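Chain residues, written in single-letter form:
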Amino acid sequence: MRTVEYIRQGEATQVLTLREETRRPAPGRGEVLVRMLVRPVHPGDLIDVEGMPGQPEQQSGARTPGVEGMGVVESVGANVRAPRPGQRVAVFPAPGTWRDFVVVPADLAVPVPGGVSDEAAALMLVNPLTLRMLYGAVEKALRGRAGPVLQTAAGSSVGRLVSAAAARHDLELINLVRSTSGAEKVREVYPSQPVIATCDDDWREQVRLHAGERGVQVVLDCVGGAMTQDLAELLADGGTLISYGQLGSGTTSLTALPLMTRALTVRGMSILHWMRRTPEERTQDVAFAQELAQSRPDLLEVAAGYDLADFKAAVEHARRPAKSGTVLLTTPRAAGSGHGAGR
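Residues numbered from 1 in each chain as written. Predicted model: local features only at pLDDT ≥ 70, side-chain atom pairs only at ≥ 80, totals over all residues. Heavy atoms only, no water.

Student: Teacher, can you tell me more about empty space enclosed by the protein here?
Tutor: In this approach a probe as big as a water molecule rolls over the atoms, and the regions it shows empty are the leftover space. Per the counting criterion, the structure on display carries 2 cavities of 30 Å³ or more. Volume-wise, the largest cavity comes out at about 50 Å³. Leu 123, Asn 127, Ser 157, Arg 160, Leu 161, Leu 299, Leu 300, Glu 301, Gly 325 and Thr 326 are the residues that line the largest cavity. By residue number, the principal contributor to the lining of the largest cavity is helix α5 (residues 157–169), which donates 3 residues. A volume near 40 Å³ is recorded for the second largest cavity. Taken together, Leu 131, Leu 134, Tyr 135, Val 138, Val 162, Leu 171 and Leu 220 make up the full set of residues lining the second largest cavity. Here the lining of the second largest cavity takes 4 residues from helix α4 (residues 126–142), the largest share from any one element. Residues that form the lining of the second largest cavity fall into these classes: 7 nonpolar, no polar and no charged. (1 Å grid on protein atoms, 1.4 Å probe; cavity = no way out; pocket = protein on both sides within 12 Å on 5 of 7 lines; lining within 4 Å. Points joined across faces, edges and corners; volume = space filled by probe spheres on them. Helix = DSSP H or I, 4+ residues; strand = E, 2+ residues; numbered from the N terminus. Nonpolar A, V, L, I, M, F, W, Y, C, P; charged D, E, K, R; others polar.)

What follows is the structure in structure tokens.
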């Protein structure tokens, strides 16, 4: 059994190592053992490995990255009726998916719908569930008003999901990307949505022009860092900035933002808080994710796949600025396993 792990935080390609062991974990009561086949390399996975400025170092001890992925149920513990051995499942939250086998609670092993590829199944949960949480937060922030809503990193995997949802629900959306080429790609897919490249010196003026007199009501931001101050300045009075990532460099102090004078709201959101949603909400979220994987697999784009042992190359690819889609870490199916992939 292979496991990617790190003992201390630092540059991912330097602190991550591959460990081989012969002993597999065993599922306990209400748990299943999943033979992992595909796992994504999410930005949050790398943040966990490398840490964030100003945040305390994680506790010592070996840790394995990853929170989601797709695999086949190998065995089940007591009191587990579903899923059954041999069934394809997507798992989340499942800390430590960058290994060949993981044990997860049976109710967090989501059956993969027929016809959904292994690759799409590996991306079926985190980003679609993030979309559901973000969209709910936007609706709450708008309080029945019309947009516009400004989103950063519109070319990212989550950004593309937000754009698709905005087009479907007639949400007035303004997209920000880093480069002119990135803007062209987003514009080709969603020609009705304004797309602005932040490499342009006048990108702020372009946002204000598209927002009009109402101004930007909500910002969806996964960049953060030094850009936060610019985004707050673009908000209309009473607007809301929803922060759900930290892709950018630098920092912005809350005291530098005109929160009181302009009645601005800053709200943080993390997919790691998804388990705090009610059981009914989580059931609806999972059903949405399964349907999305079946009907719009194009929105679960894959940039490239690497064997688990090639994790360093995968991390480097995941960091490429012009990357489109999500990088995956794979494990070959065991010879003679007999479980179809449903491609």
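Student: Teacher, can you tell me more about the packing of aromatic side chains here?
Tutor: In this description, a pair of aromatic rings is defined by centroid distance and the angle of the planes. Within the structure shown, the criterion is met by 1 aromatic pair. Taking the ring centre of Trp 274 as reference, the NZ or CZ of Arg 282 above it sits at 6.0 Å. (Phe/Tyr/Trp six-rings, centres within 6.5 Å; stacked < 30°, edge-to-face > 60°. Lys NZ or Arg CZ within 6 Å of the ring centre and 35° of its normal.)

Student: Is there a simple way to think about helix α8 (residues 227–234) in this case?
Tutor: The periodicity of an α-helix, 3.6 residues per turn, causes residues three or four places apart in sequence to face the same way. Here α8 lies mainly inside the structure; 6 of its 8 residues are buried. Those residues of α8 not exposed but buried are Met 227, Thr 228, Asp 230, Leu 231, Ala 232 and Leu 234. (Buried < 20%, exposed > 50% of the residue type's maximum accessible area, 1.4 Å probe, protein only.)

Student: Quick question: what am I supposed to make of unusual backbone geometry here?
Tutor: Outside of glycine, negative phi angles account for most residues, and trans bonds account for most peptide bonds. Residue Pro 83 follows Ala 82 across a cis peptide bond; omega there is -5 degrees. You can see Pro 83 is positioned in the loop between β4 (69–76) and β5 (88–91). Cis geometry is found at the peptide bond from Phe 92 to Pro 93, where omega equals -10 degrees. Notably, Ala 153 is not glycine yet its phi reads approximately 50 degrees, a positive angle. One can find Ala 153 in the loop between β8 (149–151) and α5. In this model, Ala 263 sits at a positive phi of 55 degrees, which is unusual for a non-glycine residue.

Student: Please clarify how the packing of α4 against α5 should be interpreted in this entry.
Tutor: When two helices pack together, you describe them by how their axes are tilted relative to each other and by the distance separating the axes. Running from N to C, α4 and α5 point in directions that differ by 50 degrees, and their axes come no closer than 10 Å. By the criterion of interaxial angle, the relationship of α4 to α5 is oblique. The crossing of α4 and α5 is right-handed. From α4, Asn 127, Pro 128, Thr 130, Leu 131, Leu 134 and Tyr 135 reach across to α5, where they touch Ser 157, Val 158, Leu 161, Val 162, Ala 165 and His 169. Of the residues in the contact of α4 with α5, the class split is 8 nonpolar, 4 polar and no charged. (Axes fitted to C-alpha atoms, helices over the stretch in contact; angles between N-to-C directions. Parallel < 35°, antiparallel > 145°, perpendicular 65-115°, else oblique. Left-handed = near helix turned anticlockwise from the far one by under 90°. Contact = heavy atoms within 4.5 Å.)

Student: Explanation requested: the sheet that holds strand β10 (residues 195–197) in the structure shown.
Tutor: Adjacent strands of a sheet form backbone hydrogen bonds with each other and so pair up, either parallel or antiparallel. Strands sit in the order β10-β9-β8-β11-β12-β13 across an open sheet of 6 strands; the sheet is parallel. Looking at which strands have only one partner, the edges of the open sheet turn out to be β10 and β13 (265–268). Between one strand axis and the next, the sheet turns by 20 degrees as a mean value, whatever way the strands run. In this structure, strand β12 (residues 235–243) lies alongside β13, joined through 4 bridges in parallel fashion. Residue pairing for β13: Leu 241 is matched across the bridge by Val 266. Along the sheet, helix α6 (residues 180–189) makes contact with β9 (173–177) and β10, crossing β10 at roughly 170 degrees. (Pairing = 2+ DSSP bridges.)

That's the geometry; what it means functionally is another story.
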